[in-house]
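Architecture at a glance
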Amino acid sequence: MGAGACPAALSARSPGTEEGQRYSQAQRRISPALTLPCRSHWPCGRQGATGGEEGAASSREAGRHRASAYTGARQAEAAGAPIKATCEEDMSCKTGFPEDVHSAVVSRSVHGGQPLLNVRFQSCDGNKKIHFGSSEPDFRVGEDGVIYAERSFQLSAEPTEFVVSAQDKETQQEWQMRVKLTPEPAFTGASEKDQRKIEDIVFPWQQYKHSSPLKRQKRDWVIPPINLPENSKGPFPQELVRIRSDRDKSLSLRYSVTGPGADQPPTGIFIINPISGQLSVTKPLDREQIASFHLRAHAVDVNGNQVENPIDIVINVIDMNDNRPEFLHQVWNGTVPEGSKPGTYVMTVTAIDADDPNTQNGMLRYRILSQAPSSPSPNMFTINNETGDIITVAAGLDREKVQQYTLIIQATDMEGNPTYGLSNTATAVIAVTDVNDNPPEFTAMTFYGEVPENRVDVIVANLTVTDKDQPHTPAWNAMYRMTGGDPTGRFTILTDPNSNDGLVTVVKPIDFETNRLFVLTVAAENQVPLAKGIQHPPQSTATVSITVIDVNESPYFVPNPKLVRQEEGLLAGSMLTTFTAQDPDRYMQQTSLRYSKVSDPANWLKIDPVNGQITTTAVLDRESIYVQNNMYNATFLASDNGIPPMSGTGTLQIYLLDINDNAPQVHPKEATTCETLQPNAINITAVDPDIDPNAGPFAFELPDTPASIKRNWTIVRISGDHAQLSLRIRFLEAGIYDVPIVITDSGNPHASSTSLLKVKVCQCDLNGDCTDVDRIVGAGLGTGAIIAILLCIIILLILVLMFVVWMKRRDKERQAKQLLIDPEDDVRDNILKYDEEGGGEEDQDYDLSQLQQPDTVEPDAIKPVGIRRLDERPIHAEPQYPVRSAAPHPGDIGDFINEGLKAADNDPTAPPYDSLLVFDYEGSGSTAGSLSSLNSSSSGGEQDYDYLNDWGPRFKKLADMYGGGDD
């Protein structure tokens, strides 16, 4: 089908036919507001054709153009404005736009991506590649000639005009056409019945030229969106449009829709009758959730084969005012400096409305409902009704009077219409911030204070101020500055951070005898400058009067320290100098000062307590350990009798001049050399406690006596302080030699001394090292070696003594343990050492009388139970056996034992015990054999003891005794 119908074809319809009646109804609903152009290749029937093949074609074409008129007018009709479609046909083929100006009526609200209209461009050569462009950036022309909106906006009441251009990409030839868009008029009251008339959307048709192998397809229509109000009350399902195909007369077709809202989530919002193609909505829509639905309609036959190309259907949800404005915050906080001029920006409040912002439903307006407090004016602020900016409109903001304002802000949609708009409120809290519009003022014109002399870091006065600005802010914090009265900088003023008071503090000592009174001029300021136009009042300046109190001060020595130059060697009792102090208290009645000594390391000096005269008590010696760098320091004390008593110290420095009172000495005192001439040189050094000119260079020489010194030795000076001693003879026997050396200094008069150098002469190897040091050391040991040897001997003796004491204590403990053993528990008579090679029982301390007189042995029955031995036979009842007769008492113990053994062997009633002792009692009825079960009556010669040889070396002796044969 085409986008419009040719007039000739439309007029050929008979009003009496059903199709003519539908066309007449469509004509009555069309207004001359929108023109839908025809395609140049669409066929139109000739006017007046009523029969034959040409008339039938024209009739079918007219029907299709009628449906196009319905479809093109759908959007305007939904808004209540009728639309008229006209078509003009140019039978001649001319490439370009068929008209210079193209007018169209569109909806006032335009959405981004919304198709608006289709421009007509005629191309005589179908192979041309045409590129369309728009002079207005808000509109875009597709390759198929459809004009789309690039963004969402509201058309103004005046028509919108722009130029659409078409350019051939190959020849660069360009054609232009002006497009004029007029917004549709407002709804004027069409009846609800007319609004609910259902229109048809017919699938575009395709024409095929049977005489040519090529087929030419008509472009699809651009179906205007369907506008559907949100929150509709039904009834549901509510019919929207009917979709059909012209081929439904010859085929049985099935219609369906796809897309979000139909078969995609949210499903079931839109349904279609598969037979009639009636599209309906099943429930109210909410634009705030989904603003538009994009569906696609399909037509297939009963076998599921596609009959028509799918067409796109856009359903826009028309916004209703169903949402109140909502402020982003219920309480808004802002600040404004006090004293701000009218027009000063304060803050911005913002509300949002979920309704369409491009309609009045979402257009908000702000206003102030109330202000608290209402001083100094009830209208101190105003608000921009569109942006929500709050600004000041009146002067007089004073934080010291009103620190905070509370505004109730109202936001209303429908552009603030109080009748139809919805409203909401929020609170704006505006804090008036402080500026430095109040200078600090002193609470008094003069402040007083006093300070004792010579005191520092003492607060002498508190300066109090008042400031009406906000406490603990830079506009309130005070700074104090002295403008006069303290040229030497003895005072400073600190600020107490809590009270803002000024603390006048002494930073340098003050002398009462010099200044008794200070009068300071002080100015108070804030940390930030005062606001423009405000000056400091006279109350910002004050006077501080400070009185100095006289106190007893310490005496002081002049000069301190005092330097005295004196030669050493000053005898005791000599007057050295006078060291006196002064008392700074000129206005106090005091007696004279008293002096005493505080420090005198060498105890060389004393001071007169009255006049401070210092005399010596010992000879001054520059070489003393108490003298450092020729300087000796002593400290003295001067005290007064004031209240309280005060004292001061002074240091006396004595610079001692050197005299030649010390003779040089040789260093080192010991040396080693070889007994041969080469090598045998010894380097020595002269040491003199004196300093120049009483020290080096020194003279070295050997004394004339004894004569062996110069005969064996020679000395040569190699520098002012060093000399070299060597052998004069070729060989000197090894040993220790004392070599006297005379050393003389360069003082005036000279001082000399004879120093003994102990030289150890030894045999040396080729390297000059001694090889017989042990022999030389044996000849004479040093003090350190002797002390070390004595210490070793003492330690060794102590260790020996400790060992002896330990051995004695061990013996005593062993004897004590033996005394504690019960005689009945003594097991020496039945425990032997098997590795002992002694004489057996004869070496033990046994009481053999018990063996010689067995009848005197105490029976077991009369022994106390508590002292029985563990290896004895128990007392409980045992089988009774006849008692053997006691053997006579032979003199030989061996005969006694043999007789007893024979008696036991011959007595069949003897118990299984061979002696009075129980070596191992297994209890009554024990399966273990007893020791007495051994065949003691058998002779040793009847047994074979050869197996003892297999028992190892421990039984070798026993094997030799019993297994060696008859010998």
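Basis of the calculations
Residues numbered from 1 in each chain as written. Predicted model: local features only at pLDDT ≥ 70, side-chain atom pairs only at ≥ 80, totals over all residues. Heavy atoms only, no water. UniProt positions renumbered as here; feature names shortened; annotations may be inferred. Helix = DSSP H or I, 4+ residues; strand = E, 2+ residues; numbered from the N terminus. Buried < 20%, exposed > 50% of the residue type's maximum accessible area, 1.4 Å probe, protein only. Contact = heavy atoms within 4.5 Å. Areas by Shrake-Rupley, 256 points an atom, 1.4 Å probe, with all protein chains shown as cover. Patch = residues over 30% accessible without salt bridge, like charges linked within 9 Å, V, L, I, M, F, W, Y side chains within 5 Å. Salt bridge = Lys/Arg side-chain N within 4 Å of Asp/Glu carboxyl O. Phe/Tyr/Trp six-rings, centres within 6.5 Å; stacked < 30°, edge-to-face > 60°. Pairing = 2+ DSSP bridges. Axes fitted to C-alpha atoms, helices over the stretch in contact; angles between N-to-C directions. Disulfide = S-S within 2.5 Å.

Going by the annotation in an unreviewed UniProt entry, the name recorded for the chain is Cadherin-2 isoform X2, with Pipra filicauda given as the source organism. Of the chain, the UniProt comment under Function (unreviewed entry) reads exactly: "Cadherins are calcium-dependent cell adhesion proteins."

Helix and strand content of the chain: eleven helices and 52 strands. When the 967 residues of the chain are sorted by exposure, 35% land in the buried category. Long-range contacts, defined as pairs at least 24 residues apart, comprise 68% of the intrachain contacts of the chain with a sequence gap of at least 6. Here the chain displays about 56,400 Å² of accessible surface, and carbon together with sulfur accounts for 52% of that area.

For the rest of this paragraph, the subject is a nonpolar patch on the surface. A cluster of nonpolar side chains, contributed by Tyr947, Trp951, Phe955, Leu958, Met961 and Tyr962, occupies part of the molecular surface with about 610 Å² of accessible area. Given a relative accessible area of 30%, phenylalanine 955 falls into the partly exposed group.

What characterises a pair of aromatic rings is the spacing of the ring centres plus the angle enclosed by the ring planes. With the rule as written, the count across this model stands at 16 aromatic pairs. When the centroid spacing of 5.3 Å and the interplanar angle of 65° are considered together, the rings of phenylalanine 121 and tryptophan 175 count as edge-to-face. Here the residue phenylalanine 121 occupies a position in the loop between strand E3 (115-118) and strand E4 (130-134), and tryptophan 175 occupies one in strand E9 (residues 174-183), the gap between them amounting to 54 residues. With a centroid separation of 6.3 Å and 55° between ring planes, the pair formed by phenylalanine 327 and tyrosine 366 is classed as tilted. You can see phenylalanine 327 sitting in strand E18 (residues 326-327) and its partner tyrosine 366 sitting in strand E22 (residues 365-372), a full 39 residues away along the chain. Phenylalanine 327 gets classed as buried once you look at its relative accessible area, which sits at 10%.

What follows deals with the pattern of salt bridges. Applying the stated criterion across every chain, the model contains 17 salt bridges. Salt-bridge contacts for aspartate 312 lead to arginine 296; the nearest nitrogen and oxygen are separated by 3.0 Å. Highlighted residues: aspartate 312 in strand E17 (residues 311-318) and arginine 296 in strand E16 (residues 292-301), separated in sequence by 16 residues. The class of aspartate 312 is partly exposed, set by a relative accessible area of 44%. According to the relative accessible area criterion, arginine 296 is partly exposed, its value standing at 37%. Several salt bridges converge on common partners, so that one network encompasses Arg287, Glu288 and Asp319.

This brings us to the sheet that holds strand E48 (residues 699-701). Within the open sheet, the four strands sit side by side as E46-E52-E51-E48. Their pairing is mixed. Two strands in the sheet have a free side with no partner beyond their single neighbour: strand E46 (670-674) and E48. Between one strand axis and the next, the sheet turns by 35° as a mean value, whatever way the strands run. As judged from the five bridges shared by E46 and strand E52 (residues 752-762), these two strands associate in the parallel manner. Residue pairing for E52: threonine 672 is matched across the bridge by lysine 760.

Mapped onto the present numbering, the UniProt feature "transmembrane region" (unreviewed entry) falls on residues 785-807. Helix makes up 100% of residues 785-807 and strand makes up 0%, while its end C-alpha atoms are separated by 34 Å.

With that settled, consider the state of the cysteines. The term disulfide refers to a covalent linkage connecting the sulfur atoms of a pair of cysteines. A complete count under the given rule lists two disulfides for this structure. A sulfur-sulfur separation of 1.9 Å characterises the disulfide bridge that pairs cysteine 674 with cysteine 764. What sets the handedness of the cysteine 674 and cysteine 764 disulfide is the S-S torsion sign, and at about -100° it is left-handed. With cysteine 674 in strand E46 and cysteine 764 in the loop between E52 and helix H7 (773-779), this residue pair connects regions lying 90 residues apart in the sequence. Since its relative accessible area comes to 4%, cysteine 674 is described here as buried. Taking the relative accessible area as the measure of exposure, cysteine 764 reaches 25% and is therefore partly exposed.

Our focus in this paragraph is the sheet that holds strand E33 (residues 502-506). Strands sit in the order E29-E33-E32 across an open sheet of three strands; the sheet is antiparallel. What marks the edges here is a single partner per strand, and that holds for strand E29 (459-463) and strand E32 (491-495). When strand polarity is set aside, the average angle formed by the axes of neighbouring strands in this sheet is 25°. Relative to E33, E29 runs antiparallel, the two being bridged by four bridges. Following the sheet pairing, isoleucine 459 is matched in E33 by threonine 505.

Moving on, we get to unusual backbone geometry. As a rule of thumb, non-glycine residues mostly have phi less than zero, and peptide bonds are mostly trans rather than cis. In this structure, the amide linkage connecting proline 265 to the following residue, proline 266, adopts the cis form with an omega of -5°. Mapped onto the secondary structure, proline 266 falls in the loop between strand E13 (253-258) and strand E14 (270-272). Histidine 667 connects to proline 668 through a cis peptide bond whose omega is 0°. Of note, proline 668 is situated in the loop between strand E45 (665-667) and E46. Positive phi, normally seen in glycine, also occurs at asparagine 500, with a value near 70°. The topology assignment puts asparagine 500 in the loop between E32 and E33.

Another point: the environment of valine 106. Mapped onto the fold, valine 106 is located in strand E1 (residues 101-106). Residues valine 106 and glutamate 184, 78 residues apart in the sequence, show an inter-C-alpha distance of 5.5 Å. In contact with valine 106, other than residues within four places in its own chain, are Leu116, Leu155, Leu181, Thr182, Pro183 and Glu184.

Moving on, we get to the pairing of strand E34 (residues 517-526). Sheet topology places strand E31 (residues 478-484) next to E34; six bridges connect them, and they run antiparallel. Across the sheet, residue alanine 478 finds its bridge partner in E34, namely asparagine 526. Bridge count between E34 and strand E35 (residues 541-549): seven bridges; the pairing is antiparallel. If you follow alanine 523 over to E35, its bridge partner there is threonine 541.

As paired elements, E4 and strand E8 (residues 160-168) share five bridges and run antiparallel to each other. Counterpart to isoleucine 130 in the pairing with E8 is aspartate 168. Of the pairings in the sheet, the one linking E8 to E9 comprises eight bridges and is antiparallel in character. Its bridge partner being in E9, phenylalanine 162 is matched across the sheet by valine 179. Remark: five residues form the turn of the hairpin made by E8 and E9, two consecutive strands paired antiparallel; glutamine 172 in that turn has positive phi of roughly 60°.

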